[in-house]
Amino acid sequence: MKNITELTIEEAKNELEYLAQELAKADVAYYQNDDPYLNDAEYDRLKHRNLDIEARFPELIRADSPSKKVGAKVKSGFSKVSHSFPMLSLGDVFSLEEVEDFIMGVKRFLNTAEDISFMSEPKIDGLSFSARYENGVFVRGATRGDGTTGEDITENLKTIKQLPQKIENAPAVLEIRGEVYMSKADFLELNERYEQNNKKTFANPRNAAAGSLRQLDAKITAERNLSLFAYTWGEVSEKLWTTQEEFFEYLKKWGFPVNPNNKLCHNIKELEDNFNQIMQIRSSLPYDIDGMVYKVNSIALQERLGFLTRTPRWAIAHKFPAEQAITKINNIRIQVGRTGALTPVADLEPINVGGVIVSHATLHNEDELKRKDIRIGDTVIVQRAGDVIPQVVQVVLDKRNPEAKEFEFPHNCPICGAHAIREEDEAVRRCTGGLSCPAQAIERLIHFVSRDAFDIAGLGNKIIEDFYNEKILMNPADIFTLEERNQGGDDLFSTGNGLHLERKEGWGKKSVDNLFKAINEKRKISLPRFIYALGIRQVGTATSLLLAKNYNNFTNFMNDMVAKETAKLVAIDGIGASMATDMVEFFQEPHNLDIIKKLLQHIAVEEFIDTSRNDTPLSGKTVVFTGTLEKMTRAEAKAMAQKAGAKVSGSVSANTDYVVIGAEAGSKATKAKELGISIISEIDFMSLIG
Ligand code: IVH
């Protein structure tokens, strides 16, 4: 290759053309086809050569020059990966008593009095990943996402040297899961570098790890030092291990980093000692941990225990005590939530609590405020535990300023002025303004587009608020007419001129198009997401899933709610009377029905099909258990039935398919007989589920 100083202008021009083509080809191969065409060193060499020639002949810089591309962002977003085996989270406990309760629960479920061994593992504060190997070759990496669908981070994971690209003597399909993290030292160094370059720094190592891993340009990931620990598995074609301990041996053999502080404990005393010991060395570990994870060591027992909606029954996270700090309350104000609840919030003198800057804390409710006697101007202890909103623990009375002012809890909504009423047995005071209260309407919109609901990323909180205030979006149904109203036609002011969002400050054609694209992708929605998005009081993601499983399609569910069919609702295992009342009430409100009707003109709610298990004799069937079972506990029997695709109900009705009777079965068995429902024994049940 010719020295740059010797190039003629003609040669330089030709070479720049060649470099532009080669580098563009390399980008497509790398970013779009996951099939690199140049190795990294060669790619960098060509990029530098291009820069050097341009430096000498600035007049030859091409419009499509590789030097103009920032990080070659070819993909518009991550592609999605659906997890063949869901990525679960863990239940949290904060005290030894709760750990004991958890272990008791496990023993009760398994009907055993013997000690159970647990693997105790530091809980790494990072970002979970799943890495899939087919015939020993790493083929796909994913983030957890919502547990069912994650983002494709294959290229990003490839840049982490600790992740083996090839493994030997592995099952044909093997998904290894664990945590990607940034060490404390790498985090400090990265932030220092950013600070020097006047870039925004990261709040903590976890954010830095997330920001580095979820980069469309994997080259950026490669520049950041990320590390990982492996700790569990997803889909596997052949499970070679019988205990968690043995699984770690395989991981080590295959070359995955395994935390050196994982320890097998044989009873609660050993768990406790280990917890205290790790807490002692916590600050000297090179990475952040926020507690310990306990997992039943035997895989056979894990399988018997199975899962709740989002968490396994066989594992729990024992979190370290919350971190605390002392600061001052500058002001107390009221926040109005989606369901109208008035929540007092403290504005604090910003303070660093265990590595995170905290400037607000929740004061929960009226009674809590009185009980703790919290006043404006007080010096207080605040604490932060995990991802929860910081709380005020107590007032430091020695430091009470005589000027500190008591807060008068309003009896009117500070946003819309409507009466705020506190029902007799409720702790919260609620605004009665309903959807005419802007705070409630905005919070409902925010909930509607949130991650577990419609998940429309382009509609952030600030945009929703602005759009609401400008009467562009007043309710969820308006989202789906936005594009039509923008084009011309009718806006909400009926000017007939259209909204023309692209003319708004901060918007342009491209961002408006992207927003419409994001909205249009959500015109088809799953049933659990849709139910959750409605924002019914007490109905979270787990309940929404339960409802979807029991009603299968939205019309069934809505008709029953409108007809106040509470009996059927409360018969569902996991739904109580107060929740049922909230659901029925939601559907008695004409405004809610009106919005649902409008929504359904623009979107399709998919039927819920429980695909994982439509091949067992119990799939879709409703089962009732009665009497004392002998071979297993009631809890285990219920879990087995659900695992086989059945719905478990607490009462016998015409919809019941099987009644499983144990010893001393009473009225339920009689009723089943009257209704002519199949009555089966525990043994029959076990053979049905195989
Ligand atoms: S096991 C079914 N083990 O904690 C079991 N999780 O709060 C699923 N985590 O999503 C997880 N260290 O991101 C497991 N040793 C460990 C862990 C760990 C950190 C994270 C993980 C998980 C979250 C649950």
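In this text the structure is predicted, and so the values were computed from the model without any measurement. (Residues numbered from 1 in each chain as written. Predicted model: local features only at pLDDT ≥ 70, side-chain atom pairs only at ≥ 80, totals over all residues. Heavy atoms only, no water.)

### Digging into the sheet that holds strand E10 (residues 289–296)
Consideration 1: Pairing is mixed in the open sheet, where five strands are placed in the order E2-E11-E10-E3-E9. Each having just a single partner strand, strand E2 (92–93) and strand E9 (263–265) make up the two edges of the open sheet.
Consideration 2: Sheet analysis places strand E3 (residues 118–124) next to E9, joined by three bridges and oriented antiparallel. In the sheet register, Met-119 faces E9, and the bridge partner there is Leu-264. (Pairing = 2+ DSSP bridges. Helix = DSSP H or I, 4+ residues; strand = E, 2+ residues; numbered from the N terminus.)

### Considerations on the nonpolar core
Consideration 1: In this structure, Ile-479, Leu-482, Phe-554, Leu-569, Met-583 and Phe-587 are the most contacted members of the largest nonpolar core, which totals 57 residues.
Consideration 2: Excluding residues that lie within four positions of it along the chain, Ile-479 makes contacts with Leu-445, Phe-448, Val-449, Ile-456, Leu-459, Leu-473 and Ile-519.
Consideration 3: With 37 residues, the next largest nonpolar core counts Ala-131, Leu-174, Phe-248 and Phe-256 among its residues. (Core = buried A, V, L, I, M, F, W, Y, C linked by side-chain atoms within 4.5 Å. Buried < 20%, exposed > 50% of the residue type's maximum accessible area, 1.4 Å probe, protein only. Contact = heavy atoms within 4.5 Å.)

### Considerations on the pattern of salt bridges
Consideration 1: For the coordinates displayed, the defined rule picks out 41 salt bridges.
Consideration 2: A salt bridge links Glu-11 to Lys-2; the shortest N-O distance between them is 2.8 Å.
Consideration 3: The exposure class assigned to Glu-11 is partly exposed, which follows from its relative accessible area of 31%.
Consideration 4: Since its relative accessible area comes to 36%, Lys-2 is described here as partly exposed.
Consideration 5: Ionic pairing is found between Lys-123 and Asp-290, a salt bridge with its closest N-O pair at 3.7 Å. Of this pair, Lys-123 sits in strand E3 while Asp-290 sits in strand E10, and the two are 167 residues apart along the sequence.
Consideration 6: Several salt bridges converge on common partners, so that one network encompasses Arg-132, Glu-134, Glu-175, Arg-177 and Glu-235. (Salt bridge = Lys/Arg side-chain N within 4 Å of Asp/Glu carboxyl O.)

### Points about the packing of helix H19 (residues 554–562) against helix H22 (residues 590–602)
If you want to describe how two helices pack, look at the angle between their axes and the distance between the axes.
Consideration 1: At a minimum axis distance of 13 Å, the contact between H19 and H22 shows a crossing angle of 165 degrees. Classified by the interaxial angle, the pair formed by H19 and H22 is roughly antiparallel. In this structure, H19 meets H22 at a crossing whose hand is left-handed. Residues Phe-554, Met-558 and Val-562 of H19 touch H22, and the partners they reach there are Leu-593, Ile-596 and Leu-600.
Consideration 2: Its residues assigned to classes, the contact of H19 with H22 shows six nonpolar, no polar and no charged. (Axes fitted to C-alpha atoms, helices over the stretch in contact; angles between N-to-C directions. Parallel < 35°, antiparallel > 145°, perpendicular 65-115°, else oblique. Left-handed = near helix turned anticlockwise from the far one by under 90°. Nonpolar A, V, L, I, M, F, W, Y, C, P; charged D, E, K, R; others polar.)

### Remarks on the site of the ligand
Consideration 1: If you check the shell around the ligand, you find 14 residues, and the closest are Glu-121, Ile-124, Glu-179, Tyr-231 and Lys-295.
Consideration 2: Between the ligand and Glu-121, the relevant distance is 2.8 Å, taken from a nitrogen atom to a side-chain nitrogen or oxygen of the residue.
Consideration 3: Within the contact set of the ligand, a nitrogen atom lies 3.1 Å away from a backbone nitrogen or oxygen of Ile-124.
Consideration 4: Contact with the protein chains covers 89% of the free accessible surface of the ligand, which is 530 Å².
Consideration 5: Breaking the shell around the ligand down by element, the ones donating at least two residues are E3 and E10.
Consideration 6: In terms of residues, the shell around the ligand owes the most to one element, E3, which gives four residues.
Consideration 7: Looking at the shell around the ligand residue by residue, the class counts come to eight nonpolar, one polar and five charged. (Near = heavy atom within 4 Å. Polar contact = N/O pair within 3.5 Å; in protein donor to acceptor, adjacent residues only side chain to side chain. Areas by Shrake-Rupley, 256 points an atom, 1.4 Å probe, with all protein chains shown as cover.)

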